[in-house]
Amino acid sequence: MLKLGILISGNGSNLQAIIDAIAAGDLDARIEVVISNKPNAYGLERARAAGIRAVCIKPSSFTVAEEPTHSYNEALRRILVDADVDWVVMAGYMKLLGPEVLNAFPNHVINLHPALLPKFPGAHAIEEAFAAGVPTTGVTVHIANERFDDGPILAQTEVPINPDDTLEALEARIHAAEHQLLPQTLAELCSTR
Ligand code: GRF
């Protein structure tokens, strides 16, 4: 059984997809802790409703430290190491993860991105693909590294952009694809690593 630490920053619909996949018996894993950098992240509520330990670590709590970013990432590392997780999953975590965490879980941190990397990296991937008028975009799950939306790709799925699409329709289609791809990729990790 894989022990997971999930990092979030917002709604947590991908966290919910993992929770649901575990409950349905489609993913042999246990979520040991959910950590958010935003106190109002709805994903924290989702974790608590599922009986999962939910923690908020605010970067602003470390501004008095000599090296705030290092202290913040060190706090993340400590919680994840103490929780004894096997994999760290960035499910809508909108910050760069520091080497403190990456080095504690070498090649065992994965990130979810709502585009077909290396196309459309960054925080506005869906909007940019929509504006670019490309016929197809998609979703990527990859091993995270010290750069945003970079690292070896584990899985991708294509999502068509239809001529009459609104941005909202495309976003809904992409999130539905994410909710399939992330749990499925984690399930494959269960059986291969
Ligand atoms: C997802 O689209 C993810 O790919 C991106 O942020 C969004 C998070 O959604 N990084 P949620 O918080 O899981 O609902």
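Look up: the structure comes first, before these words.
Residues numbered from 1 in each chain as written. Predicted model: local features only at pLDDT ≥ 70, side-chain atom pairs only at ≥ 80, totals over all residues. Heavy atoms only, no water.

Novice: I'd like a rundown of the site of the ligand, residues and numbers included.
Specialist: Taken together, Asn11, Gly12, Ser13, Asn14, Ala91, Gly92, Met94, Leu112, Pro114, His175 and Glu178 make up the full set of residues near the ligand. Note that an oxygen atom of the ligand is positioned 2.6 Å from one of the side-chain N or O atoms of serine 13. With the chains in place, 86% of the 370 Å² that the ligand exposes on its own is no longer accessible. Elements supplying a minimum of two residues to the shell around the ligand: helix H1 (13-23) and helix H6 (167-192). (Near = heavy atom within 4 Å. Polar contact = N/O pair within 3.5 Å; in protein donor to acceptor, adjacent residues only side chain to side chain. Areas by Shrake-Rupley, 256 points an atom, 1.4 Å probe, with all protein chains shown as cover. Helix = DSSP H or I, 4+ residues; strand = E, 2+ residues; numbered from the N terminus.)

Novice: An account of the side chain of asparagine 111 is requested, with residue identities and associated values reported.
Specialist: Its place among the elements puts asparagine 111 in strand S5 (residues 109-113). At 3.3 Å, the side chain of asparagine 111 and the side chain of aspartate 149 are in polar contact. Apart from residues lying up to four places away in sequence, asparagine 111 is in contact with Met90, Thr140, Val141, His142, Ala144 and Asp149. (Contact = heavy atoms within 4.5 Å.)

Novice: Got a sec to walk through the environment of asparagine 145? Specific residues and values, please.
Specialist: Tracing the backbone through its elements, the reader meets asparagine 145 in the loop between strand S6 (136-143) and strand S7 (153-160). What asparagine 145 contacts, discounting residues up to four positions off in sequence, is Leu102, Asp150 and Gly151. For asparagine 145, the side chain forms a polar contact with the main-chain nitrogen of arginine 147, separated by 2.8 Å. At 3.2 Å, the side chain of asparagine 145 and the side chain of aspartate 150 are in polar contact.

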